[in-house]
Amino acid sequence: MDSSLLFNITTIAYFAAMVVFIVYLTSKNDAIAFGATLICWVGFIANTGAIGMRWYEAYAMGYEQAPLSNLYESVVFFAWSILLIYLLFDLKYKQRAIGAFVIPFAFAGMIWAQWSLDATIAPLVPALQSNWLTYHVITCFLGYAAFALACGVSIMYLIKIGKEEKAAEESPAGGILGMFPSTKVLDDLNYKAIMVGFPMLTLGIITGAAWANYAWGTYWSWDPKETWSLIVWFIYAAFLHARFTRGWVGRRAAWLSIFGFAATIFCYLGVNLVLSGLHSYGG
Amino acid sequence: MSKQQNFEDRLWDFFCSLKLAIITLILLALTSIIGTVIQQNKSPQEYMEMYGISESTYKALDAMQFFDMYHSYWFLSLMGIFAVNLICCSIKRLPRIIKVVREPVLKADDGLFRTFSNREEIVTEGTVESVCDKIVSVIGQKFAKPVINDEDGKSYLFAQKGAYSRFGVYVTHTSILIIFIGAMIGNVLGFKAYVNITEGQSINSIWIRGAQVPTPIDFEVRNDDFKVEFYEGGGRPKEYTSDLVILENGQEVLKKTIEVNHPLTYKGLTFYQSSYGTTGDPVYSFRVKNRATGETVEVVGPQGKRLSLPGGAALIPMGYAPDYQNFGPAAQANIVAGNQQNGSPFLVFKNYPQFDERRGGDFGVTLLDVQQVYYTGLQVAKDPGVWVVWLGCLLLVAGSCGAFFLSHRRIWVTIQPLEKGIGVKLGGNAHRNQPAFALFFDELKKDLDDALSS
């Protein structure tokens, strides 16, 4: 068995989980939701195994490096992080319906990595040979993953509150929306996810700064990647303060969370594809 | 509150407001984008070429400091407002928080009990003292040791946990100000510089960025050796290292091999391995065999020099590649006979000594070695503020974890004699994460019921 087979299993599992979650929303059968969660676990275990295998394969090639060295590896790690955060939230809050809005992010990552990214294991250039790489990438991606979950939940919130306000006089929201958690729970989950993501992003920025200081003697140089991570930080800091301000809760908070995740994705991918800077992912 | 506030009060309220914080954060996020789209700190010519703008457009944008926006007056002003907002918020709210933590309400009256979302009333038997003892032991075990106040035949209990988590927010806010202070110290007292040192040579001055002349430093740095290693089968560098020696008055005081991610610090200056290059001509050594006589000689010399061979011919080293098309080190050489001006240049490989056999000619040439003199490129930084920044970062992480994941939980109990039996009022609250506290409160109720009925 090699890592590519396990990555295929991961992608298929995430696709299946996504479809089954959507079926659950229409069928309202709890057994189906349980099945979808089980598939998530299978995918997560395969994803973990695949990353582990890839680590081993790099060692066998003589490269002592964690499997976080290029865009391909970072995308599959992003998918893994999303599943980790999702499954932890599932264990704690047991809101099955949000899987339909969170797993698609992980599936999108996996399918993009497998279809169009270069999976070659390449050795690291000297600047990236540092333990800080591991700390920096892990903290950043756990943060990104929590923001992905917050974004999915916010989309659900906006869909549900729009329909609820329209149908307020008639009857409580039925159909697919009936399976959504209440807007209060969605709002709370949004906040809880960002409460996990924000300290992680903070740690990610700090470990990045510490590393930059070790490698170049500057902890902050307003490189586009650094600046975008700070932009993301500003947006979520605004979100956290919005929670305590009248007029900023509910819809606006949900939109801030969605903008925050859009900025996160631009920070992660857009900066490398559109702008120039220090984070080249080794090509 | 009167509507006719004076200007000072309104200014104070403005700088204390949470709305200002949100708007400042969003403005900081939006304006920061500019500097990631427009490349920063380029020359006027580069801007006019890159973006195809006229000189007048350039001047207008330059006047608005768009080309060094993170140090512009408007961006720094925004940061300043952010800092003032942080300070004012803390000054306004901190005294109340200190009072809540240091002078807790020890005796809850009925009015306070009505405000609790978690409350319970139990009627039990015994005396106030015996009931109080039981409750103190349960709360002490399951939560925290309560403070007991007896008054008018009633007993009042108060217990709390995580009171200091109330300060998490303020630690976080202060840490941001500390990071700002650290950055300012670095900007005023520190600098960034660079220096190149050729192998075997030493320097006692460095080039501060943007300066026209080098700046002397009060010690010497010598580069004993520079090495670069490549990954197999490709030009990707694996690592490069410099053996640096610090000298004071000609005496060696410190030796360290530095590489990328492993700098050397001495007297507040840190030297980072940043780049490398070659300097001067490489020196070649070849083994040359006279194919007719079988006689072998070794010749050594720099590029371009005629290295004489027995019999009047000469070998001229012409060029060098550290890794020629993945075949490793290669040299281009030429052999000219005594009376000839031009031969035909050929390639020899260090890793493939037999390669030249196929060429034919009077001499068989093997490349033994090429010595290239390298210089090491070092970044030099002095930043006395960096430890202040790290302290700020540490507090930022600790403060935000405290603010997000801990909560101040309080429990009040009043025990009083009733006409029949003893009445127990139990109430509690948490300033964050109420659902978790509600679960805990239900558990506590059960434990108290069990203890009181036993």
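What counts as what
Residues numbered from 1 in each chain as written. Chains lettered and ligands numbered in written order. Predicted model: local features only at pLDDT ≥ 70, side-chain atom pairs only at ≥ 80, totals over all residues. Helix = DSSP H or I, 4+ residues; strand = E, 2+ residues; numbered from the N terminus. Rg over C-alpha atoms; globule rule 2.2 N^0.38 Å. Buried ≥ 20, exposed ≤ 12 C-beta atoms within 10 Å, placed from the backbone. Contact = placed C-beta atoms within 7 Å. Core = buried A, V, L, I, M, F, W, Y, C linked by C-beta atoms within 7 Å. Nonpolar A, V, L, I, M, F, W, Y, C, P; charged D, E, K, R; others polar. Domains from an automatic or database assignment. Pairing = 2+ DSSP bridges. Axes fitted to C-alpha atoms, helices over the stretch in contact; angles between N-to-C directions. Expected span 1.5 Å × (residues − 1). Bend = angle between axes of the 7 residues up to and from the residue. Left-handed = near helix turned anticlockwise from the far one by under 90°.

Trainee: Help me understand the overall build of chain A, please; the structure alone is not making it clear to me.
Mentor: Tallying secondary structure elements over chain A gives nine helices and zero strands in all. Reading chain A from its N terminus to its C terminus gives the helix and strand order α-α-α-α-α-α-α-α-α. At 20 Å, chain A has a C-alpha radius of gyration in line with the 19 Å of a compact globule built from 283 residues. A principal-axis box enclosing the C-alpha atoms of chain A has dimensions of 65 × 45 × 30 Å.

Trainee: Hey, could you run me through the overall build of chain B in this one?
Mentor: Across its full length, chain B carries ten helices and 20 strands. What you see for chain B is a C-alpha radius of gyration of 39 Å, clearly larger than the 22 Å of a compact globule of 454 residues, by over 25%. Projected onto the principal axes, the alpha-carbon positions of chain B cover approximately 130 × 65 × 45 Å. Expressed as a percentage of its 454 residues, the buried residues of chain B come to 26%. For chain B, the share of sequence-separated contacts (at least 6 apart) that also reach a separation of at least 24 residues comes to 59%.

Trainee: Got a minute to help me understand the nonpolar core in this structure?
Mentor: Nonpolar side chains in soluble globular proteins generally cluster together in the buried interior. Residues and elements named next belong to chain A. Ile82, Ala146 and Leu149 are the most contacted members of the largest nonpolar core, which totals 137 residues. A total of 17 residues in this core trace back to one element, the largest contributor, which is helix α7 (residues 183-216). Excluding its chain neighbours within four sequence positions, the residues that come into contact with isoleucine 82 are Val102, Phe105, Ala106, Ala145 and Ala148.

Trainee: When you look at the interface of chain B and chain A in this model, what are you seeing that I'm missing?
Mentor: Accessible area lost upon the coming together of the parts serves often as the stated size of an interface. Taken together, the contact pairs 37 residues of chain B with 35 residues of chain A. Breaking the side of chain B that touches chain A down by element, the ones donating at least two residues are α2 (18-37), β7 (237-248), β10 (269-278), β18 (374-382) and α9 (386-405) of chain B. Per-element accounting of the side of chain B that touches chain A gives the leading share, twelve residues, to α2(B). Here the side of chain B that touches chain A is built from residues that sort into 23 nonpolar, eight polar and six charged.

Trainee: Quick question: what am I supposed to make of the domain arrangement of chain A here?
Mentor: Residue and element names in this part refer to chain A. When cut into domains, chain A gives domain 1 (1-124) and domain 2 (125-283). A straight line from the C-alpha centre of domain 1 to that of domain 2 covers 19 Å. For the side of domain 1 that touches domain 2, the element with the most residues is helix α3 (residues 71-93), which contributes eleven residues. Residue classes in the side of domain 1 that touches domain 2 are distributed as 19 nonpolar, six polar and one charged.

Trainee: Please clarify how the sheet that holds strand β3 (residues 154-161) of chain B should be interpreted in this entry.
Mentor: Paired through backbone hydrogen bonds, the strands of a sheet run either parallel or antiparallel to each other. All names here are of chain B. The sheet built from five strands is open, its strands ordered β1-β20-β19-β3-β2 with antiparallel pairing. Every interior strand has two partners, whereas the edge strands, β1 (118-124) and β2 (147-151), have only one. The sheet shows a mean angle of 15 degrees between the axes of neighbouring strands, taken without regard to direction. In this sheet, β3 lies alongside β2 in antiparallel orientation, the contact comprising five bridges. Considered in β3, the bridge of valine 147 is made with phenylalanine 158. Running at roughly 165 degrees to strand β19 (residues 409-417), helix α7 (residues 128-142) makes contact with β1, β2, β3, β19 and β20 (422-430) of the sheet.

Trainee: For this particular structure, what's the right way to read the environment of Val232(A)?
Mentor: By the secondary structure assignment, Val232(A) is in helix α8 (residues 224-242). In this structure, the C-alpha to C-alpha distance between Val232(A) and Ala263(A), residues 31 residues apart in sequence, is 5.8 Å.

Trainee: Help me out: how do you make sense of the pairing of strand β12 (residues 296-302) of chain B in this one?
Mentor: By the bridge criterion, seven bridges tie strand β11 (residues 283-290) of chain B to β12(B) in an arrangement that is antiparallel. Bridging from a neighbouring strand, Ser285(B) pairs with Val300(B) of β12(B).

Trainee: Honestly, helix α5 (residues 73-102) of chain B in this entry has me stumped. Any pointers?
Mentor: Each α-helix winds once per 3.6 residues, and so residues spaced three or four apart point in a common direction. Residues and elements named next belong to chain B. In this model α5 runs 42 Å from its N-terminal to its C-terminal C-alpha over 30 residues, within 8% of the 44 Å that 1.5 Å per residue would give. The sharpest bend along α5 comes to roughly 35 degrees, located at arginine 93, with the proline proline 95 sitting one to four residues further on. All buried positions along α5 are accounted for by Phe82, Asn85, Leu86 and Cys89. As for α5, its buried residues are in contact with α1 (7-16), α2 and α8 (168-189).

Trainee: Help me out: how do you make sense of the pairing of strand β4 (residues 191-198) of chain B in this one?
Mentor: A regular strand places its side chains so that they alternate between the two faces of the sheet. Residues and elements named next belong to chain B. Pairing of β4 with β18, which is carried by eight bridges, proceeds in the antiparallel orientation. What sits directly across from valine 195, in β18, is leucine 378. In this structure, β4 lies alongside strand β5 (residues 202-208), joined through two bridges in antiparallel fashion. Considered in β5, the bridge of alanine 193 is made with isoleucine 208. Where β4 folds back onto β5 in an antiparallel hairpin, the turn is made up of three residues, including glycine 200, whose phi is positive at roughly 85 degrees.

Trainee: Teacher, can you tell me more about α7(A) here?
Mentor: All names here are of chain A. For α7, built from 34 residues, the straight-helix expectation of 50 Å at 1.5 Å per residue is met to within 8% by its first-to-last C-alpha distance of 47 Å. With respect to burial, α7 is a largely interior element, 26 of its 34 residues being buried. Residue glycine 217 follows α7 closely and has a positive phi angle near 80 degrees.

Trainee: How should the packing of helix α5 (residues 131-166) of chain A against helix α9 (residues 251-274) of chain A be read in this particular structure?
Mentor: Relative orientation and spacing of two packed helices are given, respectively, by the angle between their axes and the distance between those axes. Residues and elements named next belong to chain A. Packing of α5 against α9 brings their axes to within 8 Å, and their N-to-C directions diverge by 140 degrees. Relative to α9, α5 is oriented so that their crossing is left-handed. From α5, Tyr144, Phe147, Ala148, Ala150, Cys151, Ser154, Ile155, Tyr157, Leu158 and Ile161 reach across to α9, where they touch Arg251, Ala254, Ser257, Ile258, Gly260, Phe261, Thr264 and Tyr268. Residues belonging to the contact of α5 with α9 are distributed by class as follows: 13 nonpolar, four polar and one charged.

Trainee: Help me understand unusual backbone geometry in this model?
Mentor: With glycine set apart, most residues show a phi of negative sign, and most peptide bonds adopt trans. All names here are of chain B. The phi dihedral of asparagine 41 falls on the positive side, at around 55 degrees, and the residue is not glycine. The phi dihedral of asparagine 249 is positive, around 50 degrees, even though this residue is not glycine. By the secondary structure assignment, asparagine 249 is in the loop between β7 and β8 (251-259).

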